Amino acid sequence: MTHQTVTTASMAEFARLHSVSRKTAYEWKTRGYLRFSGALIDVEASNANLSAAGRSRLDSVTLKPRIARTVRKSVTPRVTGDTAWSAEMGHRHAEEYSLVLTLACVVSGAAIDITEALQDRIPLAELRPIVEGIITRIRKGAAECADEDGTPPGFDSWGDHPWFTEPPLTEAEWKELEDATHGHAG
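Residues numbered from 1 in each chain as written. Predicted model: local features only at pLDDT ≥ 70, side-chain atom pairs only at ≥ 80, totals over all residues. Heavy atoms only, no water.

Peer 1: Quick question: what am I supposed to make of the overall build of the protein here?
Peer 2: A count of helices and strands for the protein gives nine helices and five strands. When its helices and strands are written in sequence order, the protein yields β-α-α-β-β-α-α-β-β-α-α-α-α-α. Sequence-distant contacts, at least 24 apart, represent 62% of the contacts inside the protein between residues at least 6 apart. Summed over all atoms, the accessible surface of the protein reaches about 10,400 Å², with 55% contributed by carbon and sulfur. (Helix = DSSP H or I, 4+ residues; strand = E, 2+ residues; numbered from the N terminus. Contact = heavy atoms within 4.5 Å. Areas by Shrake-Rupley, 256 points an atom, 1.4 Å probe, with all protein chains shown as cover.)

Right, here's the structure in full:
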């Protein structure tokens with residue numbers, strides 16, 4: 001498959017490119033993350049802005065899901081059986097299991113979308129365990145679907161893989177949402 005460079009996109013196309021809702025894409029526009037070329041979004045400039053703000057789920061050059069978003073480096077590598085989880089393993093799995101990675105990214109993206117949709121109605125302290133519980137249940141089903149096509153080397157199932165076990169939102173992402181909520185209240 002050859003790589004095609006996307007230079008401009010409509011709001012709907014850009015949302016699909018990032019596996020987010022159009023509502024999220026419009027919020028990115030409101031926050032100033034998106035750059036336009038006429039009526040269309042300048043994909044390269046917008047992706048750079050989103051990456052700089054830590055909001056992009058895609059690598060700004062390849063337009064593929066970023067490994068760093070779902071495979072976070074930890075101080076101590078996770079050991080599964082006799083296999084230590086590493087960034088190198090994450091990159092290898094991303095190449096070999098790109099559809100599973102996309103599934104994991106979409107599920108992780110749902111955590112942000114659910115939180116953003118409800119944060120004005122439910123305090124974040126109450127919302128966080130709800131979102132984490134929902135994403136855990138969605139991930140379980142997604143991992144079971146992925147298991148139907150086989151499991152990754154070094155793991156008993158996709159449900160044990162870091163793509164499906166890491167927290168759906170990092171502490172930094174929860175802090176950003178909290179800061180944004182307090183900014184709206186004030």
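Peer 1: Looking at this model, I keep getting lost on the packing of aromatic side chains. Mind explaining?
Peer 2: How two aromatic rings sit relative to each other is given by the distance of their centres and the angle of their planes. Under the criterion given, the structure shown has four aromatic pairs. Measuring from centroid to centroid gives 6.3 Å for Phe14 and Trp28, while their planes differ by 80°, and the two rings are edge-to-face. Highlighted residues: Phe14 in helix H1 (residues 11-17) and Trp28 in helix H2 (residues 22-30), separated in sequence by 14 residues. Judged by relative accessible area, Trp28 falls into the buried class, the value being 3%. A centroid spacing of 6.2 Å and a plane angle of 70° characterise the contact between Trp158 and Phe164, whose relative ring orientation is edge-to-face. The two residues Trp158 and Phe164 agree in class, both being buried. Every member of this aromatic cluster is reached through a ring pair, and the members are Tyr97, Trp158, Trp163 and Phe164. (Phe/Tyr/Trp six-rings, centres within 6.5 Å; stacked < 30°, edge-to-face > 60°. Buried < 20%, exposed > 50% of the residue type's maximum accessible area, 1.4 Å probe, protein only.)

Peer 1: Please explain the nonpolar core as it appears in this structure.
Peer 2: Note on soluble globular proteins: their nonpolar side chains tend to be buried together. One finds Val100, Val131, Trp158, Trp163, Phe164, Leu169 and Trp174 to be the most contacted residues of the largest nonpolar core, which totals 21 residues. Listing elements by their share of this core, those giving two or more residues are helix H6 (98-118), helix H7 (124-147), helix H8 (162-165) and helix H9 (171-185). In this structure, Ala9, Met11, Ala25 and Leu34 belong to the second largest nonpolar core, which totals twelve residues. (Core = buried A, V, L, I, M, F, W, Y, C linked by side-chain atoms within 4.5 Å.)

Peer 1: Teacher, can you tell me more about the packing of H2 against H6 here?
Peer 2: The description of two helices packed together rests on the angle between their axes and the distance between the axes. At a minimum axis separation of 10 Å, H2 and H6 run at an interaxial angle of 70°. Considering their axes alone, H2 and H6 lie roughly perpendicular with respect to each other. Along its contact with H2, which presents Lys23, Thr24 and Glu27, the element H6 presents Asp113, Glu116 and Ala117. The residue inventory of the contact of H2 with H6, partitioned by class, reads one nonpolar, one polar and four charged. (Axes fitted to C-alpha atoms, helices over the stretch in contact; angles between N-to-C directions. Parallel < 35°, antiparallel > 145°, perpendicular 65-115°, else oblique. Nonpolar A, V, L, I, M, F, W, Y, C, P; charged D, E, K, R; others polar.)

Peer 1: Is there a simple way to explain the sheet that holds strand E3 (residues 40-42) in this structure?
Peer 2: Remark on secondary structure: sheet strands pair via backbone hydrogen bonds, oriented parallel or antiparallel. Spatially, the three strands line up as an open sheet ordered E1-E3-E2, and their pairing is antiparallel. The sheet is open, and its two edges are formed by strand E1 (8-9) and strand E2 (36-37), each paired on a single side. Pairing geometry for E2 and E3, over two bridges, is antiparallel. Bridged to Phe36 within E3 is Ile41. The strands touched by helix H3 (residues 43-52) within the sheet are E1 and E3, with E3 carrying the most contacts at an inclination of about 60°. (Pairing = 2+ DSSP bridges.)

Peer 1: Explain H3 to me, please; I cannot follow it from the model alone.
Peer 2: Two residues of an α-helix separated by three or four positions point the same way, owing to the 3.6 residues in each turn. Along H3, the residues classified as buried are Val43, Ser46, Asn47 and Leu50. The buried side chains of H3 occupy one side of the element, clustering within an arc of 100° when seen end-on. Facing away from the buried surface of H3 by more than 90 degrees, the exposed residues are Glu44 and Ala52. Buried residues along H3 sit in contact with E1, H1, H2 and E3. Looking at where H3 begins, the residue whose side-chain oxygen comes 3.3 Å from the main-chain nitrogen of Glu44 is Asp42. (Arc of directions from axis to C-beta. Polar contact = N/O pair within 3.5 Å; in protein donor to acceptor, adjacent residues only side chain to side chain.)

Peer 1: Mind showing me how you'd approach the packing of H6 against H7 here?
Peer 2: At a minimum axis separation of 10 Å, H6 and H7 run at an interaxial angle of 160°. Between H6 and H7, the angle is such that the two are roughly antiparallel. Judged by the twist between their axes, the crossing of H6 over H7 is right-handed. Here Val100, Leu103, Val107, Ser108, Ala110, Ala111, Ile114, Thr115 and Leu118 of H6 come into contact with H7, specifically with Leu124, Leu127, Val131, Ile134, Ile135, Ile138, Arg139, Ala142 and Ala146. For the contact of H6 with H7, the per-class residue count stands at 15 nonpolar, two polar and one charged. (Left-handed = near helix turned anticlockwise from the far one by under 90°.)

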